[in-house]
Amino acid sequence: MPPRLPLAGFGRSIVIRTKPSMAARTRIVPMASRRCFADDKKPESLPPATGRNSATMGHVSEEAADLGEIKGETTPDLDQGTPVREILERDGDLDKAPEVIKEKSNDKSAADSTTFQNLLALGQVENIAAGGHGTDEVNIANFDPNWAYQSPQYDLPELPLPSQNNMKHRYDPLVQQVTNLIMRHGKKSVAQRNMAYVLNHLRTAPAPTPSPARPLLPGAPPPTHLPLDPVTYLTLAIDSVAPLIRIRSQKGAAGGGAALQIPVPLGIRQRRRQAVEWILDSVSKKKSRGSGRGQFAQRFAEEIIGIVEGRSAAWDRRLMVHKVGTSARANLNHRGFVKH
């Protein structure tokens, strides 16, 4: 058998010590006492508040009334609310009322005046009581003979509104088309910024000197008036250099597999597109005279000025297309082209 353990001696060798309990120290944080005032009056011991944000803002209705007076619009009636003054006068306690109510009781002009909104509401109620609708026309003169209708500053729009009255057509058609043509990689904002630079350059540049050898469109304004209207300046330059026709090659129409050149008339947008492509081709071949993101717009504006003055290469390309189209008029009656 295994030897027995002396439990008595084993117990004496084990000492059980308890962990001393320490009282937790509680930290008392002094709370700052703050007094809340029932009114706007502060004790005289406190210094007056100074600074940028010391002024207190008024009520929302008071702010709307001040803003309406500045804009000349109809202001909300601040006296419309609980008739405290009338109740105090009825009960005979007006002498015990605060000074603010006493001051308002002396001035009855504001309370007796009727605003346009109240007159309109009265008219709508009368229409409904007569069996009509609240949206029917209201005659304000029936409720206030002293009311004088003030006509609007601008004429009211005709109803119904036209279908083409859309925000997408707020720009000139030519400006919008040129902006889309000079756009690269889908960056419309960059194209609009360049278009703004072009128009600003045309506005600030000196008046051009047109060449008699290459006249502009008939009925064009004087050259000194062009910088005053940069959109007309741009339209005149592009429409003057725009070709009237294009040359289309019809394969096999001449016989033996030879192509036949056919002149085809162009529409207004097609003519302007071809002219802008010629201008962009000339602009890409020019060198910038500086640095910055406005160099392309400057070269484009200088090319527009060069068109008006007859110095642009787009005039030569337009003359070449018209010469080829004039000589190719006989091909319109060719047996390979005419359809019987």
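For clarity, every value in this text was computed on a predicted model and none was experimentally measured.

Conventions used here
Residues numbered from 1 in each chain as written. Predicted model: local features only at pLDDT ≥ 70, side-chain atom pairs only at ≥ 80, totals over all residues. Heavy atoms only, no water. Salt bridge = Lys/Arg side-chain N within 4 Å of Asp/Glu carboxyl O. Helix = DSSP H or I, 4+ residues; strand = E, 2+ residues; numbered from the N terminus. Buried < 20%, exposed > 50% of the residue type's maximum accessible area, 1.4 Å probe, protein only. Contact = heavy atoms within 4.5 Å. Polar contact = N/O pair within 3.5 Å; in protein donor to acceptor, adjacent residues only side chain to side chain.

### Section: the pattern of salt bridges
Should the charged atoms of two oppositely charged side chains come close, the side chains can pair. Across all of its chains, the model carries eight salt bridges by this definition. Residue D281 pairs with R317 through a salt bridge whose shortest N-O separation is 2.9 Å. On the criterion of sequence distance, the pair formed by D281 in helix α10 (residues 268-285) and R317 in helix α12 (residues 314-327) is long-range, its members being 36 residues apart. The partly exposed category is assigned to D281, whose relative accessible area is 27%. Of the residues examined, R317 reaches a relative accessible area of 33% and is grouped as partly exposed. The closest approach of N and O atoms between E309 and R311, which form a salt bridge, is 2.8 Å. Linked through salt bridges whose partners overlap, the residues forming this network are D281, K285 and R317.

### A word on helix α7 (residues 173-182)
A large share of α7 lies buried, amounting to seven of its 10 residues. Of the positions making up α7, those classed as buried are L174, V175, Q177, V178, T179, L181 and I182. Of the surrounding elements, those touching the buried residues of α7 are α8 (188-204), α9 (230-241), α10 and α11 (295-308). You can read the cap of α7 off the contacts: a side-chain oxygen lies 3.1 Å from the backbone nitrogen of L174, and it is on D172.

### Digging into the side chain of S312
Within the secondary structure, S312 sits in the loop between α11 and α12. A relative accessible area of 4% means that S312 is categorised as buried. Beyond its immediate sequence surroundings of up to four residues, S312 is in contact with R214, E303, G306 and I307.

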